[in-house]
Number of protein chains: 2
Amino acid sequence: MTSTNRKKSANADAAKGFARHDHDDCMSAAMSAAEVYCAEHSLQFTPVRRRVLEILLQEHSALGAYDILEKLREEGLGSQPPVAYRALDFLVSNGFVHKIERMNAFVACAHPGRDHAPAFMICRSCDMVAETQTAPTKESFNAAAQAAGFLIERTVVEAEGLCPKCQKEDTA
Amino acid sequence: MTSTNRKKSANADAAKGFARHDHDDCMSAAMSAAEVYCAEHSLQFTPVRRRVLEILLQEHSALGAYDILEKLREEGLGSQPPVAYRALDFLVSNGFVHKIERMNAFVACAHPGRDHAPAFMICRSCDMVAETQTAPTKESFNAAAQAAGFLIERTVVEAEGLCPKCQKEDTA
DNA sequence: CGATAAATGAAATAGTATAACATGACAAGC
DNA sequence: GCTTGTCATGTTATACTATTTCATTTATCG
């Protein structure tokens, strides 16, 4: 799959999660939260970082690093891979963006400002990604980990399957 | 990280999971199980597929596709990437091997023959991988998924952290 | 201001994975 | 026996993902 050929059907309804919502609100809230967080923690919310977060919030679906890089390039914000990866590293480290390991792609966090362990539902048909919480998961996992003496620092929980829309289309 | 430079410290104790066990038994049991399963399901357990599974069982830690390919090449079993990826696809599809998304690496299943949803603990220091079950996880996740109308087909659960051995070394 | 740390620019390269097409092996059915 | 279909393999090329490295600039703070 080329970066530019990444499935585009994760759009419209699907791209906004399973349920509709006010996209502008959701986006400006996330940007504000990021700004506040950076100010409070003396982090530099630089133009590239800001723009990458905006792009991911706007898209509201998972994008590959090179998809993002292409947009940055068009806007004159950078042209080499490290530009995108650095910004993504920063955003991921600070919890504004999550990496979907299953897809080698990135998605804006849907719960800005909260300290959380995210879980994702990934549609194998349209590539849509929805974020949810994983609190119960983590606890039950912790039991097994503690039994083994393993210290959990971070968890990746991703479910692959079919979103409501694509289930209907399969049936149709 | 080059394929050949993949951290090697996942050896000895660590490579055998957190607890020691009879490696030969564990390996021959897994091979037998695979053989039986393939016979029962009319699947071809070809030399390359067999050898890749053996390699992963022997290593007992996660290997990249190119690490495996290199071994196959040395043995004259294949030299091009698709050789390794095809065998791995087969083994993963049939549950003999799991892919660690976090590492882009593959590990032999530690619970041969069982229909299961695996979860992994990955040591960020020595790259050791331990497999455990994720039954509770799946159920709690299912609740959120059903609420969203999402149909889960497969789950990836991976915890990153420190294994007992590396925790001690950190302290030391 | 000057020192230090953080961020960016730029080039090269490493690492992971698949597409596409040809060939071979083998079993089912005529 | 021959054809046909299916599954597996061989081979080439290419696509996609990510990091290393070093030079340079910009921010931050004493």
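Scroll up to find the structure.
Counting restarts for each chain, with residues numbered from 1 along the sequence as it is written. All chains are assigned letters beginning at A, and all ligands numbers beginning at 1, according to the order in which they are written. Side-chain atom pairs in this predicted model are given and counted only at pLDDT of 80 or more, local residue features only at pLDDT of at least 70, and totals for whole chains, interfaces and linings cover all residues. For side-chain calculations, the full set of non-hydrogen atoms in the structure is used, while hydrogens and water are omitted.

Engineer: Let's hear about the pairing of strand 4 (residues 129-133) of chain A: which residues, and what values?
Structural biologist: Residues and elements named next belong to chain A. To sort residues, take the accessible area from a 1.4 Å probe on protein chains only and compare it with the maximum for the residue type: under 20% means buried, over 50% means exposed, and anything in between is partly exposed. Secondary structure elements follow DSSP: runs of H or I of four or more residues count as helices, runs of E of two or more count as strands, with numbering from the N terminus. By the criterion of burial, strand 4 is predominantly enclosed, with four of the five residues buried. The pairing criterion for strands is at least two bridges between them, as found by DSSP. In the sheet, strand 3 (residues 118-123) pairs with strand 4 via five bridges, with the strands oriented antiparallel. Each bridged residue has a counterpart across the sheet, and for Ala-119 the counterpart in strand 4 is Thr-132. The hairpin formed by strand 3 and strand 4 contains five residues between the paired strands, and Asp-127 there has a positive phi angle of roughly 70°.

Engineer: Describe the interface of chain B and chain A, naming the residues involved and giving the relevant values.
Structural biologist: Residues are treated as being in contact if the distance between any of their heavy atoms lies within 4.5 Å. The partner chain A presents 35 residues to the 35 residues of chain B that form the contact. When the buried surface of chain B facing chain A is broken down by residue, Phe-141, Phe-150 and Glu-153 of chain B rank first, second and third, together holding 21% of it. When a carboxyl oxygen of Asp or Glu lies within 4 Å of a side-chain nitrogen of Lys or Arg, that pair is called a salt bridge. Summed over the shared surface of chain B and chain A, the number is four salt bridges. Glu-160 of chain A serves as the salt-bridge partner of Arg-154 of chain B, at 3.6 Å between the closest nitrogen and oxygen. Each polar contact in these results corresponds to two N or O atoms within 3.5 Å; when the atoms are within protein, one needs to be able to donate a hydrogen and the other to accept it, and residues that are neighboring in sequence are counted only if both atoms are side-chain atoms. Our count for the contact surface shared by chain B and chain A stands at twelve residue pairs in polar contact (both at pLDDT 80 or more). Two parts placed together each lose some accessible area; with a 1.4 Å probe, that loss summed over both constitutes the buried area.

Engineer: Could you give an account of the sheet that holds strand 5 (residues 151-162) of chain B, with specific residues and numbers?
Structural biologist: Taken in spatial order, the six strands of this open sheet run 4(A)-3(A)-5(A)-5(B)-3(B)-4(B), and their pairing is mixed. The strands lining the two open edges of the sheet, one partner per strand, are strand 4 of chain A together with strand 4 (129-133) of chain B. Mean inter-strand twist for the sheet, computed between neighbouring axes without regard to direction, equals 25°. An axis is simply a line fitted to the C-alpha atoms; with a helix, the fit covers only the stretch in contact. Between two such axes, the angle follows the N-to-C directions and lies from 0 to 180 degrees.

Engineer: Residue-level account of the pairing of strand 1 (residues 97-100) of chain A, with values.
Structural biologist: Residues and elements named next belong to chain A. Two elements, strand 1 and strand 2 (residues 105-108), share four bridges in a ladder whose sense is antiparallel. Within strand 2, the position partnered with Val-97 by the bridge is Ala-108. With antiparallel pairing between neighbouring strands as the criterion, strand 1 and strand 2 make up a hairpin whose turn holds four residues, including Asn-104 at a positive phi of roughly 50°.

Engineer: Describe the pattern of salt bridges, naming the residues involved and giving the relevant values.
Structural biologist: The final tally for this structure, using the stated rule, is 14 salt bridges over all chains. Between Arg-102 of chain A and Glu-160 of chain A there is a salt bridge, with its nearest N and O atoms 2.5 Å apart. On the criterion of sequence distance, the pair formed by Arg-102 of chain A in the loop between strand 1 and strand 2 and Glu-160 of chain A in strand 5 (residues 151-162) is long-range, its members being 58 residues apart. Residue class for Arg-102 of chain A comes out partly exposed when judged on its relative accessible area of 28%. Judged by its relative accessible area of 15%, Glu-160 of chain A falls in the buried class. Here the salt bridges do not stand alone but share partners, grouping Glu-101 and Arg-154 of chain A together with Arg-102 and Glu-160 of chain B into one network.

Engineer: Just give me the short version of the relation of the copies chain B and chain A, but keep the residues and values in it.
Structural biologist: Here the copies are matched by least squares. The fit uses the C-alpha atoms of residues with pLDDT of at least 70 in both. Superposing chain B onto chain A takes a rotation of 180° combined with a translation of 0.0 Å along the rotation axis, leaving an RMSD of 0.1 Å. Such values leave the two copies arranged in the relation of a two-fold axis. Interface residue correspondence from chain B to chain A reaches 100%, placing this contact among same-surface, isologous pairings.

Engineer: Explain the packing of aromatic side chains residue by residue, including any values.
Structural biologist: Stacked, tilted and edge-to-face are the three classes applied to pairs of Phe, Tyr and Trp rings, where Trp contributes its six-membered ring and a pair requires centres within 6.5 Å; stacked means planes under 30 degrees apart, edge-to-face means over 60, and tilted covers the rest. By the definition in use, this model includes four aromatic pairs over all chains. In this arrangement the basic side chain of Arg-49 of chain A is found over the ring face of Phe-90 of chain A, its NZ or CZ atom lying 3.9 Å from the centre. Lysine NZ or arginine CZ positioned within 6 Å of the ring centre and within 35 degrees of the ring normal marks a charge as sitting over the ring.

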